[in-house]
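Summary of structural features
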Amino acid sequence: MSAGLRRFLLVFSLLLISITNLAGADEHKVFGWVEKATIEPWGVEVKAKLDSGALTSSLDARDIESFEKNGEEWVRFRLKLEDEANNERFTETVERKVQRDLTLRGAGGKSHRPTVLMNLCIDDTLYEEEFSLRSRKKMLYPVLLGRRTISHLGLLDVEKTFLSKPSCDENMPIVPYQPEKND
């Protein structure tokens, strides 16, 4: 096969993939860069920032303590949130098995955070997602949804906010967490 024909087939294939993706875009839900979501099972409504610059989602957690349970690493932390639905303060101490230890590198150096699985309702779907734990009390949004979570949701419109409303109930099936291949 000649180099010219290979180049033509490559360009044609890429064009076909692009057209197919555009045609399928109507099937995906669209979310704004800030959406309301509920932390389950408590139904606490929070503002969540969808951040394509972050890989892993993050949850506001206070008083984080590591401990061992049945030979596994666990973490205890306190959720301290304001419920957007009724403006009431919500506080709950939670224990979860550590999914993995996340190492972040940035301008300030390295930091380590535990990640846990939590249930989150956004739009009409309940997701089990991985969240790194850290205090976000100085941040505007107690929940940040990174690319791994956004990829499960649908498309992101960075010019809009609040395109959906969480509407999950206790009988909703949970979309289970699916770890990345290199996690």
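Residues numbered from 1 in each chain as written. Predicted model: local features only at pLDDT ≥ 70, side-chain atom pairs only at ≥ 80, totals over all residues. Heavy atoms only, no water.

**Observations concerning the pairing of strand β10 (residues 125-134)**
- Most of β10 is tucked away: eight of the ten residues are buried.
- Sheet topology note: the strand β4 (residues 57-60)/β10 ladder contains four bridges and is parallel. Residue Asp60 lies in a different strand from β10, and its bridge partner there is Arg134.
- In the sheet, β10 pairs with strand β13 (residues 174-175) via two bridges, with the strands oriented parallel. Bridge pairing links Leu126 to Ile174 in β13. (Buried < 20%, exposed > 50% of the residue type's maximum accessible area, 1.4 Å probe, protein only. Helix = DSSP H or I, 4+ residues; strand = E, 2+ residues; numbered from the N terminus. Pairing = 2+ DSSP bridges.)

**With respect to the environment of Pro179**
- Topologically, Pro179 is positioned in the segment after β13.
- Pro179 sits in the exposed class, given a relative accessible area of 52%.
- Expressed as a C-alpha distance, the spacing of Pro179 and Arg148, which sit 31 residues apart in the sequence, is 9.1 Å.

That's the geometry; what it means functionally is another story.
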